[in-house]
Amino acid sequence: MAFSPNAPSRRWLLATACAIVAGLTIGTIGTMANQNADGGRVIVLINPNSNEAATQSMTGLAQIAAADAAVVEGRSNTGAPALLTTPQDMAAAASGVVAIGREAAADPRVGAIIVSAFSDPGLAELRKAVDVPVFGIGEEVFHEAARDGRPFGIVTVTPDPALIESFREKAASLGYEAQYRGTRVTEGDPKVLVEQAEALDAALAAAVTESVAKDGASAVIMGGGPLSASAVRLQPQFEAPLLVAVHAAARAAAKAITQAQ
C-alpha cells in the first residue's frame, strides 16, 4: 500500500506516529517484522549515531511511511557519539555506517538501506560498496521540500557554522539553491534539548515560526533524524508542512522495493 498524501492519510499518519512516539505500537511493529520479513522486503535504517532511543523512534516513523510495502529494521552505529554535531563527527561516523550497510546488504531479506542522519554521512561510500539501493534522509527530504519550485527552510539544533554551510552546499548541489531560504538554529544546548521532548518542541517551534515568517519558507525541513518525532507533534501548530526526512527516505525506499518485486 503506497502512502497517499490526502487529508485522511495525513491524519492517520500523525495519529499513528504519535502513538509510536508514546511507545504504544512498537510491539505491533515487532510482530509485523516477524511475520513479513520475506526476501527483499526489509529496509535497514542505519542511525549513524549511537542513540538507541533515537534509532527506535526513527525506525517506527519509517515504518509508518513504508506502510505494508516493507518492514523496517533499525541499526545503531554503536562506535559513534550519541549526537553528531560537527562535520568532523559526520566524517568519523561514515566508516561505521558503511560497515553496518555492508553487513545488511549481505542479508537476502534486505531490499534497501536508509542512512538516517541529515548530513547523510557515508552515503556516497555505501552506495559504491553495496548492490542494494541506498537512500539518505537529507538528500530525499531536499527533493521533497523543493517539489514544484516551492521555497523551503531548515530548522536544526546544531549550531556548527560548517555544518550549516554544508546544508547550503547540498541545496546547491541538488539544484535547489534558489529555493533555499536558509537555516534557523534552536536556542540551547543541542545535547540537552534532544533528551527533553518538551523543551525540544518549544525550541523547534520558535525556529519554525522564524523560518516561515522571516525567511519566507513555504515548507520547513526538520534538520536531523532525532527531530522527526518533534515534527509530528508540532505539525498541527503550523500550516506550512514540517518535512520529516525519515519519512521522505522511507517512502523512496519502499517505492524501490515495490518496483523490484
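Since we're looking at a predicted model, the values are computed, not measured.

Thoughts on the packing of helix α3 (residues 52-66) against helix α11 (residues 245-260)
Look at α3 against α11: their axes get within 8 Å of each other, and the N-to-C directions meet at 50°. Compared by their axis directions, α3 and α11 come out oblique. By crossing handedness, the relation of α3 to α11 is classed as right-handed. Contact residues: α3 offers M58, L61, A62, A65 and A66, while α11 offers V246, H247, A250, R251 and A254. The class makeup of the residues in the contact of α3 with α11 is eight nonpolar, one polar and one charged.

Topic: unusual backbone geometry
One non-glycine residue with positive phi stands out, namely A67, at about 50°. Of note, A67 is situated in the loop between α3 and β2 (71-76). Owing to a relative accessible area of 13%, A67 belongs among the buried residues under this scheme. Unusually for a residue other than glycine, D120 sits at a positive phi of about 55°. Structurally, the position occupied by D120 is in the loop between β3 (110-115) and α5 (123-129).

A word on the sheet that holds strand β8 (residues 242-244)
Strand-to-strand pairing in sheets goes through backbone hydrogen bonds, with the strands running parallel or antiparallel. Taken in spatial order, the four strands of this open sheet run β6-β5-β7-β8, and their pairing is parallel. Since the sheet does not close on itself, it has two edges, and those belong to β6 (180-185) and β8, each with one partner. Strand-to-strand twist of the sheet, defined as the mean angle between neighbouring strand axes without regard to direction, takes the value 30°. Where strand β7 (residues 219-222) and β8 come together, three bridges link them in parallel fashion. Within the sheet, the bridge partner assigned to I221 lies in β8 and is L243. Running over the sheet, helix α6 (residues 137-145) touches β5 (152-156), β7 and β8 and is turned about 145° from β8. Against the sheet, helix α9 (residues 197-213) contacts β5, β6, β7 and β8, and its axis sits at roughly 160° relative to β5.

Section: the pattern of salt bridges
Under the definition given, this model contains 12 salt bridges. Each of the salt bridges in this network shares a partner with another, and the network as a whole consists of E73, R75, D107 and R109.

About the criteria used
The residue numbers shown here count from 1 along each chain, following its written sequence. Since the coordinates come from a predicted model, pLDDT governs what is reported: local features require at least 70, and pairs of side-chain atoms require 80 or more to be given and counted, while whole-chain, interface and lining totals use all residues. Computation of side-chain values covers all heavy atoms of the structure but excludes hydrogens and water. Fitted lines through C-alpha atoms serve as axes, helices being fitted only where they are in contact, and the angles separating the N-to-C directions of these axes extend from 0 to 180 degrees. Secondary structure counts use DSSP, requiring at least four H or I residues in a row for a helix and at least two E residues in a row for a strand, with both numbered from the N terminus. An angle below 35 degrees is read as roughly parallel, one above 145 as roughly antiparallel, one from 65 to 115 as roughly perpendicular, and any other as oblique. Handedness of a crossing is defined here by the sense of rotation of the near helix relative to the far one, left-handed for an anticlockwise turn of less than a right angle and right-handed for a clockwise turn. Pairs of residues are marked as contacts when any of their non-hydrogen atoms sit within 4.5 Å. For this scheme, ten residues count as nonpolar: Ala, Val, Leu, Ile, Met, Phe, Trp, Tyr, Cys and Pro. Four count as charged, namely Asp, Glu, Lys and Arg, and the remainder, Gly too, count as polar. Only protein chains enter the accessibility calculation, which uses a 1.4 Å probe. A residue is then buried if its area is under 20% of the maximum for its type, exposed if over 50%, and partly exposed in between. Only when DSSP finds a minimum of two bridges between them are two strands counted as paired. The salt bridge criterion pairs a side-chain nitrogen of Lys or Arg with a carboxyl oxygen of Asp or Glu, the two atoms within 4 Å.

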